[in-house]
Amino acid sequence: MKHIHCLLLLLSWVVLNAQDLSSTYSISVDHITVGTLTATKTIDGDKTTYTINSTSVIHLLGKTTITTSFVGVFRNGVLESSAYTSEKDGHPYDSSVISESNGIYTISRKGKKTTLSNPITLVTCMLYFEKPVSGAQYFDVLEAVYSPIESTTTNTYLYTDSSNNEKTTYTYANNVLEQGTTNHTLYNFTFRLKE
């Protein structure tokens, strides 16, 4: 009986320590819905995994299906590894793989490798699950750059991508990301939380 009690305590601890948070967003281009994005955060003890997947069908000079997949693993609040891939019509389009060893990150993209030696703690994938730290620099895993984010109102933040100067506005309600809008030269890209 004592063993059963210990097993039940262990199982309840595992259930309490493994938590999944998930949100689904509709993706639109110039107010026309083109797809869906799902963001999931899984907490398991000192390990947190972010998973973001999207599929969009865009009609620009013909029909194009774009899929993206991201997995980022953090341990004790520090990025341990990440993998990002995107495809156009089922063919690889872009990718980035980041791995950490002895405090050094190796970033692989398009056949090129670069390294970073500072711990990566704030990454853009977190913006789906928590309000950002205003004035902080957030890391983009694809471009491998830090970019600033600033509060513009109580619940709105502006992220300026250092690699191309694109601006994304993030809007929150009750600490939950409700909407993000990126202003491109040719179109506006928006993801909005589904009810």
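In this text the structure is predicted, and so the values were computed from the model without any measurement. (Residues numbered from 1 in each chain as written. Predicted model: local features only at pLDDT ≥ 70, side-chain atom pairs only at ≥ 80, totals over all residues. Heavy atoms only, no water.)

Trainee: Kindly report on the overall build of the chain, identifying the contributing residues and their values.
Mentor: A count of helices and strands for the chain gives 1 helix and 14 strands. Oriented by its inertia axes, the alpha-carbon framework of the chain measures out at about 70 × 40 × 40 Å. Relative to its 195 residues, the chain shows a buried fraction of 33%. A sequence separation of at least 24 residues applies to 29% of the contacts in the chain between residues at least 6 apart. Of the roughly 11600 Å² that the chain leaves accessible, carbon and sulfur atoms contribute 56%. Here the chain carries 14 positive and 17 negative side-chain charges, and the mean point of each set is 3 Å from the other. (Helix = DSSP H or I, 4+ residues; strand = E, 2+ residues; numbered from the N terminus. Buried < 20%, exposed > 50% of the residue type's maximum accessible area, 1.4 Å probe, protein only. Contact = heavy atoms within 4.5 Å. Areas by Shrake-Rupley, 256 points an atom, 1.4 Å probe, with all protein chains shown as cover. Lys, Arg positive; Asp, Glu negative; His and termini not counted. Charge placed at Lys NZ, Arg CZ, Asp CG, Glu CD.)

Trainee: Quick rundown of the packing of aromatic side chains? Include the residues and the values.
Mentor: Evaluation of the coordinates by the stated rule reveals 9 aromatic pairs. A ring pair is formed by Y25 and Y128, whose centres lie 5.7 Å apart and whose planes are at 65 degrees; its orientation type is edge-to-face. Of this pair, Y25 sits in strand β1 (residues 18–29) while Y128 sits in the loop between β8 (112–116) and β9 (137–140), and the two are 103 residues apart along the sequence. For Y25, a relative accessible area of 0% gives the class buried. Between the aromatic rings of Y50 and F129, the centroid separation amounts to 5.7 Å while the plane-to-plane angle is 50 degrees, which identifies the pairing as tilted. Here Y50 is found in strand β3 (residues 47–59), whereas its partner F129 is found in the loop between β8 and β9, with 79 residues between them in sequence. (Phe/Tyr/Trp six-rings, centres within 6.5 Å; stacked < 30°, edge-to-face > 60°.)

Trainee: Before we move on, can you summarise the pairing of β3 with the specific residues and values?
Mentor: Two strands pair when backbone bridges link them, and strand β2 (residues 32–44) and β3 are joined in this way by 10 bridges, in the antiparallel orientation. Bridge pairing in β3 places A39 opposite I52. Looking at chain direction, β3 and strand β4 (residues 63–75) are connected through 13 bridges and run antiparallel. Bridge pairing in β4 links H59 to K63. Taking the residues between adjacent antiparallel strands as the criterion, β3 and β4 are bridged by 3 residues, where L61 takes a positive phi near 55 degrees. (Pairing = 2+ DSSP bridges.)

Trainee: Can you explain unusual backbone geometry? Please cite residues and give values.
Mentor: Positive phi outside glycine occurs at A144, with the angle close to 55 degrees. With respect to the helices and strands, A144 occurs in the loop between β9 and β10 (145–153). By relative accessible area, which is 24% here, A144 ends up partly exposed. We note that N165 has phi near 65 degrees; this positive angle belongs to a residue other than glycine. Relative to the assigned elements, N165 resides in the loop between β11 (156–160) and β12 (167–173).

Trainee: So, the nonpolar core: which residues are in play, and what are the values?
Mentor: Membership of the largest hydrophobic core comes to 35 residues, with the highest contact counts inside it found for C125, Y128 and Y170. Filtering out sequence-adjacent residues up to four positions away, Y170 remains in contact with L127, I149, N155, T156, Y157, Y159, L177, Q179, G180 and F191. (Core = buried A, V, L, I, M, F, W, Y, C linked by side-chain atoms within 4.5 Å.)

Trainee: Go over the confidence of the model for the chain with me, naming the residues and quoting the values.
Mentor: Confidence in the prediction for the chain averages 89 pLDDT; 90% of positions are at 70 or higher. Low pLDDT, under 50, characterises residues 1–17; the predicted model gives this stretch 3 contacts beyond four residues in sequence or across chains. (pLDDT = per-residue confidence, 0-100.)

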